[in-house]
Amino acid sequence: MIVYTWWRSLAAFRVRIVLNLKGVSAEERQVDLRKGEQHDPAFRAINPQAAIPALILDDGRILVQSMAIMEYFEEVYPAPPLLPADATERARVRALAQMAVADGHPLVTPRVREYLERELGHDEVQYMAWSRHFTGAALAAMEGHLRRDAQTGTFCHGDQPTLADVCLASQVVGFSYFGGTADAFPVVHRIYSACMQIDAFQHAHPLAQPDVPKP
Ligand SMILES: N[C@@H](CCC(=O)N[C@@H](CS)C(=O)NCC(=O)O)C(=O)O
C-alpha cells in the first residue's frame with residue numbers, strides 16, 4: 001500500500017493518524033505542495049484532482065479524499081472502532097468531522113491561496129486573515145456542538161477517539177498555521193490535548209514527519 005502525503009498537509013495528517021490508530025503500515029511518498037508537485041502529470045494520473053492524500057492499494061486500485069480513505073480503513077480494519085455502533089451516534093461523529101473536513105479545510109488549501117493571490121490580488125496578510133477566519137469558524141462550530149452535547153466526553157464522542165477527533169486535531173493544527181490558538185475554544189482545546197497524549201496522533205503530527213523542513 002502506498003500513501004501520497006506531505007508533512008504539512010492537514011488531510012494527509014488525518015490519514016496518518018488513522019493508519020497509526022489501526023496499526024496499518026503504508027509506504028509513504030511525498031508530494032511537496034509548496035513546489036507544486038501535485039500538478040505533475042505523474043501525480044495527476046494518480047489523482048486528477050491534484051490533491052493529497054491518495055492511496056494506492058496493493059491491487060493497484062486508487063483511493064482519494066481523506067474521509068473516504070479513513071472510512072475505508074474503518075471498514076477493512078474495524079479495530080479499534082473509530083465510529084460508534086449506533087447509526088444516530090455515527091451521524092454525530094461524521095457531522096463533527098465534516099465541520100472540519102468539508103466546511104473549514106477546503107477554504108485554506110493551496111489552490112484557494114493561489115486564486116486569492118493571483119486572481120483577487122490578496123497579499124500574505126490578507127491570506128492569513130482569511131485562513132484564520134475560516135479555520136476558526138469551523139472550530140467555533142465544533143466547540144458549540146461539543147459544549148452542548150451530552151455525548152461529549154474525554155474525546156468528541158465518549159472516552160475513545162473517533163474520526164471526529166482525528167478531524168478536530170487536523171483543524172486545530174491548521175488553525176495554528178494561520179496564527180490561531182485553540183485555547184479560544186476550551187472544549188476543542190481540552191480534546192486536542194487528550195488526542196496529543198496518544199502516540200498515533202503524536203507520531204502523525206506534521207512537525208513529527210521526516211520531510212518537515214529543518215530550521
Ligand atoms: N477534501 C480533501 C482535501 C484534499 C486537499 O485539498 N488536500 C490538500 C492538502 S491538505 C492538497 O493537496 N491541496 C493541493 C492544492 O490545493 O493545490 C480531503 O480531505 O482529502
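Heads up: the structure comes first, above all this text.
Residues numbered from 1 in each chain as written. Predicted model: local features only at pLDDT ≥ 70, side-chain atom pairs only at ≥ 80, totals over all residues. Heavy atoms only, no water.

Chemist: What exactly am I supposed to notice about the layout of surface pockets here?
Modeler: Empty space among the atoms becomes visible once a probe the size of a water molecule is rolled across them. Reported here for the largest pocket is a volume of approximately 700 Å³. What lines the largest pocket is a set of 30 residues, among which L33, H105, T109, P110 and R111 lie closest to the centre. Residue assignment for the lining of the largest pocket shows that the elements contributing at least two residues are α1 (10-22) and α5 (110-118). Residues that form the lining of the largest pocket fall into these classes: 15 nonpolar, nine polar and six charged. (1 Å grid on protein atoms, 1.4 Å probe; cavity = no way out; pocket = protein on both sides within 12 Å on 5 of 7 lines; lining within 4 Å. Points joined across faces, edges and corners; volume = space filled by probe spheres on them. Helix = DSSP H or I, 4+ residues; strand = E, 2+ residues; numbered from the N terminus. Nonpolar A, V, L, I, M, F, W, Y, C, P; charged D, E, K, R; others polar.)

Chemist: Is there a simple way to explain the side chain of D32 in this structure?
Modeler: Within the secondary structure layout, D32 lies in the loop between β2 (27-30) and α2 (41-46). Of the residues examined, D32 reaches a relative accessible area of 17% and is grouped as buried. There is a polar contact of 2.9 Å between the side chain of D32 and the backbone nitrogen of R34. For D32, the contacting residues outside a window of four places in its chain are W6, E37 and Q38. (Buried < 20%, exposed > 50% of the residue type's maximum accessible area, 1.4 Å probe, protein only. Polar contact = N/O pair within 3.5 Å; in protein donor to acceptor, adjacent residues only side chain to side chain. Contact = heavy atoms within 4.5 Å.)

Chemist: Would you take a moment to explain helix α7 (residues 163-177) for this structure?
Modeler: Helix length check: α7, at 15 residues, gives a terminal C-alpha distance of 21 Å against a target of 21 Å (1.5 Å per residue), a fit within 8%. Counting buried residues in α7 gives 14 out of 15 residues, a clear majority hidden from the surface. Looking one or two residues past α7, G179 carries a phi angle of roughly 85°, positive in sign. (Expected span 1.5 Å × (residues − 1).)

Chemist: Would you mind going over the pairing of β2 with me for this structure?
Modeler: Look at any regular strand and the pattern is simple: side chains alternate between the two faces of the sheet. Where strand β1 (residues 2-5) and β2 come together, four bridges link them in parallel fashion. Bridged to I2 within β2 is E27. (Pairing = 2+ DSSP bridges.)

Chemist: Looking at this model, I keep getting lost on the environment of P106. Mind explaining?
Modeler: Topologically, P106 is positioned in the loop between α4 (87-104) and α5. Note on P106: relative accessible area 30%, which makes it partly exposed. With 95 residues separating them in the primary sequence, P106 and A11 have C-alpha atoms 9.8 Å apart. Excluding residues that lie within four positions of it along the chain, P106 makes contacts with A100, V101 and V112.

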